[in-house]
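Chain and residue survey
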Amino acid sequence: MSIAPKKTPKKKTPEKTPSAALGAELRKILLDIKPAGNDGFEGLLAEALSVFSGLTFRLAKSGSQFGRDGSSPGAPFAIAMEAKRYDSDLRLEDLAGKVTVARFALQDRVDVWALGATSEVGDDTLAKLTDILEDSGITLFPFDWAARPLPALGVLLAAAKTVTVAWFQLHSIGVDPLKVAAQLEEISADPAFEDQVKLLHDAVSSASVGLDALRRRSAEWLMRGLADPRTSQRAFGQYITVADRLSPAQPRIALAKQLGDLAVADPTDLAMVAVIGGEGVGKTWLVAQRWTSLPESPIMLLVAGRRAQCLIPGEPLENLARLIAQQTGHSDERAVRGWHRRLQRWKGQSADAHLRFVVVLDGINEQPTRPWADLIKELAKETQALGGLVVVTSREGFWKRDVWPKLRASLKIHTVTVDGYSDQELAAVLERANIAFAELSPKVREFLRNPRICSVALSLLGRLSLHPNELTVERLLVEYWQSRLQERGDLVAHNVLDFDKMLRSHAKAWREQPKRRFDRDEWRVHSGAANRFDLAHVQNDLT
């Protein structure tokens, strides 16, 4: 008779505690303490946030004031705090009023609105609260009791374990501090804890807080202008529609690579990039195309058209604040002050190698009366301190004659020279319009190497159903001017009749003295608009 060997029972593997259940006893303890005051939930959060962020928090004297229960004192970096000791999940209607008040009352005084809660705040609610606050440049920092993958409130208290336990020893009679410590250790032992602590630290880091929100909102604003002609015209005084899906821009691959190699943050040398070339060769479009092609684009402040009025000599940081305020939809003085304070804070933090800001001064030759050399030097210094770079686009003649000589001793200037389309680029553009390269006369073909004139020609062919061989340089020149009038609006002082008379006057002068050298300072003699308007109003048309 054989005896079957006795089976050794398998050891049970301890089940991993679900994230939602971690610290469940801690949550019950939090729900039992009183909600307000230094010896209540508000006071505990203030103590934990002080240790975690390195800032001192003071509670509001009597309940919530101006959308917060507590805040750090006014400083280059400040946090306001709202504490919600709720058992049930928080809904939008529970918080919208507080957030709206905070947005208007604290707009230029705080950077972060921290929401501490003993219950979960839904993702949709968080998204709506984020939108409300970001309109005023305030970042939402939620630490609620949702498993993402750990309860953020539990992570905060565990990261500040010493002060949390000490608070319970001092204020909460009847609660065993050892029990609290055990709950905090349970959370900190979870494999996800260290990563979650880092995320929370990043959320209250003065070096980066608000940058991602600004980058996102700025990108949304820019993309609307770069995708729609009417929006582009209103924002920039011209069509910079490189992201228009119906009329995609021709890639300038070699030039884009050259620009990308030069447009980098350089903390050791005060540098800038000058993108120069003739009229209509695509300088602005090249810069915009490069920005849209980046997987993580820097914050780009595109100064074109009437946006140049935001620039006042001697106020470089204020200039940037005005541009950002306008770009984020709130350009009143209070919003400008708020952005100025944030820029001051970001300046004081070391930037990594990633390019954070690009300030593009576009078409400076079109406003030749502005003190561009001084503005560029001032903006270059402030932008470098922000981890960014200034890029200028200009006609080559104006740049080399009026600006570059005043800058070359002060800045390291990288230059990208943009010419017209190559044979391959022009052929590709014509092919998209079903036009054969050989259908155009050599004279017209050369004229169409200019990207802006090429665009006018393709529009003209489509609008009037012309055959390509019906195009002439003379007709394109007139159509080009009319197109510029339509595009630039009141930024151009000369009307069609003025332009016609000026051409005739120039032609007559040239026919009478064909070998006489053209003097750019005599243009007023040929301009009717110069006689009717103030000189400053028409002088920009010269370029």
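Treat the numbers as computed from the prediction; the structure is a model and nothing was measured. (Residues numbered from 1 in each chain as written. Predicted model: local features only at pLDDT ≥ 70, side-chain atom pairs only at ≥ 80, totals over all residues. Heavy atoms only, no water.)

A closer look at the pairing of strand 9 (residues 388–395)
For strand 9, the buried fraction is high: seven of the eight residues fall into the buried class. Pairing of strand 6 (residues 271–277) with strand 9, which is carried by six bridges, proceeds in the parallel orientation. In the strand pairing of strand 9, I276 is matched with S394. With five bridges connecting them, strand 8 (residues 357–361) and strand 9 associate as parallel partners. Considered in strand 9, the bridge of V358 is made with L389. On the question of chirality, the crossover connecting strand 8 to the parallel strand 9 by way of helix 15 (residues 372–385) is right-handed. (Buried < 20%, exposed > 50% of the residue type's maximum accessible area, 1.4 Å probe, protein only. Helix = DSSP H or I, 4+ residues; strand = E, 2+ residues; numbered from the N terminus. Pairing = 2+ DSSP bridges. Right-handed = clockwise from strand over helix to strand, strands pointing away.)

Focus: unusual backbone geometry
The backbone of N434 sits at a positive phi, close to 60°, despite the residue not being glycine. Within the secondary structure, N434 sits in the loop between helix 17 (423–432) and helix 18 (442–447). Since its relative accessible area comes to 71%, N434 is described here as exposed.

Re the sheet that holds strand 6
Taken together, the five strands give an open sheet; going across it, the order is 7-8-9-6-10, and neighbouring strands pair in parallel fashion. The open sheet has two edge strands, strand 7 (299–303) and strand 10 (412–418), and neither has a second partner. Averaged over all adjacent pairs, the angle separating strand axes in this sheet is 20°, with direction ignored. Those strands touched by helix 9 (residues 211–227) are strand 7 and strand 8, and its axis lies near 45° from that of strand 7. Strands in contact with helix 11 (residues 253–262) are strand 6, strand 9 and strand 10; relative to strand 10, the strand with the most contacts, it is inclined by about 170°. (Axes fitted to C-alpha atoms, helices over the stretch in contact; angles between N-to-C directions. Contact = heavy atoms within 4.5 Å.)

Notes on the confidence of the model for the chain
When pLDDT is averaged along the chain, the result is 84, and 87% of the positions lie at 70 or above. The low-confidence segment residues 1–18, where pLDDT is below 50, has two contacts with residues more than four positions distant or belonging to other chains. (pLDDT = per-residue confidence, 0-100.)

Quick notes on the packing of helix 9 against helix 13 (residues 316–327)
At a minimum axis separation of 9 Å, helix 9 and helix 13 run at an interaxial angle of 65°. Regarding the angle of helix 9 to helix 13, the classification is roughly perpendicular. For the pair helix 9 and helix 13, contact is made by L214, S218, W221 and L222 and by I324, Q326 and Q327, respectively. (Parallel < 35°, antiparallel > 145°, perpendicular 65-115°, else oblique.)

Brief notes about the pairing of strand 8
With five of five residues buried, strand 8 lies mostly within the body of the structure. Burial of the side chains of strand 8 extends over both faces: F357, V359 and L361 are buried on one face and V358 and V360 on the other. Where strand 7 meets strand 8, five bridges bridge the pair, whose relative direction is parallel. Bridge pairing in strand 8 places L302 opposite V360.

Points about helix 6 (residues 161–171)
Within helix 6, the full set of buried residues consists of V163, T164, V165, W167 and F168. Residues of helix 6 that are buried in the fold lie against helix 1 (24–32), helix 2 (41–53), helix 5 (152–159) and helix 7 (177–188).

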